[in-house]
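Chain by chain, the residues run as shown.
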Amino acid sequence: MNITDENLKELYDIATKASEKSYSPYSKFPVGAALLFEDGKIFSGCNVENRSYGLTNCAERTAVFKAVSEGYTNLIALAISTPKADYPVGPCGACRQVLTEFGKDDVPVIFGPSYEKAVKKTLGELYPFDSLHELANN
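Let me sum up the structure you'll find in this document. Just so we're clear, the structure is a prediction, and the values are computed from it rather than from any experiment. (Residues numbered from 1 in each chain as written. Predicted model: local features only at pLDDT ≥ 70, side-chain atom pairs only at ≥ 80, totals over all residues. Heavy atoms only, no water.)

For the rest of this paragraph, the subject is the packing of aromatic side chains. Throughout the structure, instances matching the rule amount to four aromatic pairs. Following the ring pairs from residue to residue traces out a cluster consisting of Phe-37, Phe-43 and Tyr-72. One residue, Lys-9, lies across the ring of Tyr-115, its end atom 5.4 Å from the ring centre. The ring of Phe-43 is capped by Lys-41, whose NZ or CZ atom sits 5.2 Å from the centre of that ring. (Phe/Tyr/Trp six-rings, centres within 6.5 Å; stacked < 30°, edge-to-face > 60°. Lys NZ or Arg CZ within 6 Å of the ring centre and 35° of its normal.)

Following this line, the structure appears as structure tokens:
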């Protein structure tokens, strides 16, 4: 599937809707994510905080876990919406690691506080020198 700007805009809009369901009473920083898979299926997720902050789950991982639980493991594009941010906020390190488990280096990623202010990168640009894929081949 060739990913177009229209696909990314649709993903970003879905991510923004997902951010509205965020449970973020501590940070007051809602995040939404939307992931596109090769057959056109989209999974979304939001961040879910906990007063024991280490138990918080990011929007990106929420969406990944939903997808994997339904048998989807071949990510081809993703969007992250952070509507209360002043600038584009990319995924955290843990999310980058999880995302690269299910997406190749060339997977497009768009993230930002609005579509107009969003940054477009690839997973490989966000997580260069990912050397752990060799473990799956042994």
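So, next bit.
Bringing unusual backbone geometry into the picture now. Phi is positive for Lys-28, close to 60°, though the residue is something other than glycine. Note on placement: Lys-28 falls in the loop between helix H1 (5-19) and strand S1 (32-37). The exposure class of Lys-28 is exposed, given its relative accessible area of 53%. (Helix = DSSP H or I, 4+ residues; strand = E, 2+ residues; numbered from the N terminus. Buried < 20%, exposed > 50% of the residue type's maximum accessible area, 1.4 Å probe, protein only.)

Right, let's get into the nonpolar core. The tendency in soluble globular proteins is for nonpolar side chains to be buried side by side. With 19 residues, the main nonpolar core has Leu-35, Leu-75, Leu-78, Leu-99, Val-109 and Leu-123 as its most contacted residues. Elements with a minimum of two residues in this core: S1, helix H2 (59-69), strand S3 (75-81), helix H3 (93-102), strand S4 (108-112) and helix H4 (123-126). At four residues, H2 tops the list of elements feeding residues into this core. Beyond its immediate sequence surroundings of up to four residues, Leu-78 is in contact with Leu-11, Ala-34, Leu-35, Leu-99, Val-107, Pro-108, Val-109, Ile-110 and Leu-123. (Core = buried A, V, L, I, M, F, W, Y, C linked by side-chain atoms within 4.5 Å. Contact = heavy atoms within 4.5 Å.)

This part takes up the pattern of salt bridges. Pairing between side chains of opposite charge can happen when their charged atoms approach one another. Under the counting rule described, the total for this entry stands at two salt bridges. Where Lys-120 meets Asp-5, a salt bridge forms, and the shortest distance between an N and an O atom there is 3.2 Å. Pair noted here: Lys-120 is in strand S5 (residues 119-122) and Asp-5 is in helix H1, with a separation of 115 residues, a long-range link. Across the pair Asp-13 and Lys-9 runs a salt bridge, and its minimum N-O distance is 2.8 Å. With Asp-13 and Lys-9 both in helix H1, this residue pair falls four residues apart, about one helical turn. The partly exposed category is assigned to Lys-9, whose relative accessible area is 32%. (Salt bridge = Lys/Arg side-chain N within 4 Å of Asp/Glu carboxyl O.)

Another aspect to go through is H2. Side chains three or four residues apart in an α-helix point the same way, a direct result of the helix having 3.6 residues per turn. Along H2, the residues that are buried comprise Ala-59, Glu-60, Arg-61, Thr-62, Ala-63, Val-64 and Ala-67. Where H2 is buried, its residues contact S1, strand S2 (42-46), S3 and H3. After H2 finishes, the residue Gly-71 shows a positive phi value of roughly 90°.

To continue, consider the sheet that holds S4. With respect to topology, five strands assemble into an open sheet ordered S2-S1-S3-S4-S5, the strand pairing being mixed. Each of the sheet's edge strands pairs with one partner strand only, and the pair in question is S2 and S5. Strand-to-strand twist in this sheet, taken as the mean axis angle between neighbours without regard to direction, amounts to 15°. As paired strands, S3 and S4 are joined by four bridges and run parallel to one another. Within S4, the residue paired with Ile-80 across the bridge is Phe-111. Lying over the sheet, H1 contacts S1, S2, S3, S4 and S5, oriented at roughly 50° with respect to S3. Lying over the sheet, H2 contacts S1, S2 and S3, oriented at roughly 140° with respect to S2. (Pairing = 2+ DSSP bridges. Axes fitted to C-alpha atoms, helices over the stretch in contact; angles between N-to-C directions.)

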